[in-house]
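Structural overview for review
This is what each chain is made of:
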Amino acid sequence: MASKRGALVVLEGVDRAGKTTQCKKLVQALLESGRPAEMMRFPDRSTTIGQLISAYLEKKSDLEDHTVHLLFSANRWELVPVMKKKLEQGITLVVDRYAFSGVAFTSAKPGFTLDWCMKPDEGLPKPDLVMFLQLNPAKAALRGQFGTERYETSAFQKAVHEKFEQLMKDSSVNWKVIDASQNIEGVHNDIRTHSLNVVNEAQNTPLGELWR
Ligand code: TMP
């Protein structure tokens, strides 16, 4: 009998919603419950493509908008063999941002349709669960200033949020909205409950293909 696969769990959300903190806490909780788990994040800035993206985000270089969109997608595709291998080994992957950030951020720029932005990521491993950490802009503002990287302005983040809202209407993806205004433990409890359900279910279902 084939061994049971791990689940692909993604956290998305507006800036300062606490995605990274919650990814780490979820991995720790899964490990403590005896389920193998690892964290990944996109962009993965460690690869050659990731370094081009990182320089762009840090405003050390300029890239044409379509080009950078395709680089973000390529950065996911280059990690697909590693992701599939780990999932097959029974490791649950907790991923900080995925194709949904890719589409939301580029389509918030003028002249880009959601459709065009989704194409390059079509067929990626499909997450078993995508949790959107929802935090209204006023509450996000209380958590401190924006950083200095590209995209870190309130006007752009508002446009990105609207694009996420559109993406969440797609019922082919297992979206769960999490109230990120709760305290860290409250958010974690919600995330852990949803994740344990899909980790158990994913064991017996094949990995899907995103947007296909
Ligand atoms: P982070 O490393 O702090 O999560 O920031 C990455 C930035 O890149 C963030 O502003 C979101 C943006 N982004 C895209 O524009 N496209 C993508 O595909 C991904 C994964 C992130």
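Just so it is clear, the model here is predicted, and its values are computed rather than measured.

**Comments concerning the site of the ligand**
- All residues adjacent to the ligand are Arg 41, Phe 42, Pro 43, Arg 45, Leu 57, Phe 72, Arg 76, Arg 97, Ser 101, Gly 102, Phe 105 and Tyr 151.
- Within the contact set of the ligand, an oxygen atom lies 2.8 Å away from a side-chain nitrogen or oxygen of Arg 76.
- Contact distances for the ligand include 2.7 Å between an oxygen atom and a side-chain N or O atom of Arg 97.
- At the level of secondary structure, the elements contributing two or more residues to the shell around the ligand comprise α3 (65–77) and α5 (99–107).
- Considering every element that reaches the shell around the ligand, the biggest residue donor is α5, with three residues.
- Residue composition of the shell around the ligand, by class: six nonpolar, two polar and four charged.

**Re the sheet that holds strand β3 (residues 92–96)**
- The five strands are arranged β2-β3-β1-β4-β5 in an open sheet whose pairing can be described as parallel. Of all the strands in the sheet, the pair left with one neighbour each is β2 (37–41) and β5 (175–179). On average, adjacent strands in this sheet sit at an angle of 25° to one another, irrespective of strand direction.
- On top of the sheet, α5 reaches β1 (8–13), β4 (129–134) and β5; it is set at about 25° to β1, its chief contact.
- Its contacts with the sheet put helix α8 (residues 154–167) on β1, β4 and β5, and the angle it makes with β4 is roughly 145°.

**Re the nonpolar core**
- Among the nonpolar cores identified, the biggest contains 63 residues, and Tyr 98, Phe 100 and Trp 211 are the most heavily contacted of them.
- Apart from residues lying up to four places away in sequence, Trp 211 is in contact with Ala 99, Phe 100, Val 103, Met 118, Asp 121, Glu 122, Leu 167, Asp 170 and Val 173.

**Focus on the pattern of salt bridges**
- For the structure shown, the criterion picks out 13 salt bridges.
- Measuring nitrogen to oxygen at the nearest pair gives 2.9 Å for the salt bridge that ties Asp 128 to Arg 5. Taken as a pair, Asp 128 in the loop between α6 (114–118) and β4 and Arg 5 in the segment before β1 lie far apart in primary sequence, 123 residues in all.
- One salt bridge connects Glu 162 with Lys 158, and the closest N-O pair in it is separated by 3.4 Å. Of this pair, Glu 162 and Lys 158 both sit in helix α8, four residues apart, which is roughly one turn of that helix.
- Judged by relative accessible area, Glu 162 falls into the partly exposed class, the value being 43%.

**Brief notes about the packing of aromatic side chains**
- If you walk through the whole model with that rule in mind, you get ten aromatic pairs.
- Ring centres 6.3 Å apart and planes at 65° place the aromatic pair Tyr 56 and Tyr 151 in the edge-to-face group. Placement of Tyr 56 in helix α2 (residues 48–57) and of Tyr 151 in the loop between α7 (137–142) and α8 is noted, with a sequence separation of 95 residues between them. Across this residue pair, the class does not change: Tyr 56 and Tyr 151 are buried.
- On the numbers, 5.0 Å between centres and 50° between planes, the contact of Phe 132 with Phe 164 is tilted. In this pair, Phe 132 is assigned in strand β4 and Phe 164 in helix α8, connecting sequence segments 32 residues apart. Residues Phe 132 and Phe 164 agree in their burial class; the two are buried.
- Pairwise contacts between aromatic rings join Phe 42, Tyr 98, Phe 100, Trp 175 and Trp 211 into one cluster.

Conventions used here
- Residues numbered from 1 in each chain as written.
- Predicted model: local features only at pLDDT ≥ 70, side-chain atom pairs only at ≥ 80, totals over all residues.
- Heavy atoms only, no water.
- Near = heavy atom within 4 Å.
- Polar contact = N/O pair within 3.5 Å; in protein donor to acceptor, adjacent residues only side chain to side chain.
- Helix = DSSP H or I, 4+ residues; strand = E, 2+ residues; numbered from the N terminus.
- Nonpolar A, V, L, I, M, F, W, Y, C, P; charged D, E, K, R; others polar.
- Pairing = 2+ DSSP bridges.
- Axes fitted to C-alpha atoms, helices over the stretch in contact; angles between N-to-C directions.
- Contact = heavy atoms within 4.5 Å.
- Core = buried A, V, L, I, M, F, W, Y, C linked by side-chain atoms within 4.5 Å.
- Buried < 20%, exposed > 50% of the residue type's maximum accessible area, 1.4 Å probe, protein only.
- Salt bridge = Lys/Arg side-chain N within 4 Å of Asp/Glu carboxyl O.
- Phe/Tyr/Trp six-rings, centres within 6.5 Å; stacked < 30°, edge-to-face > 60°.

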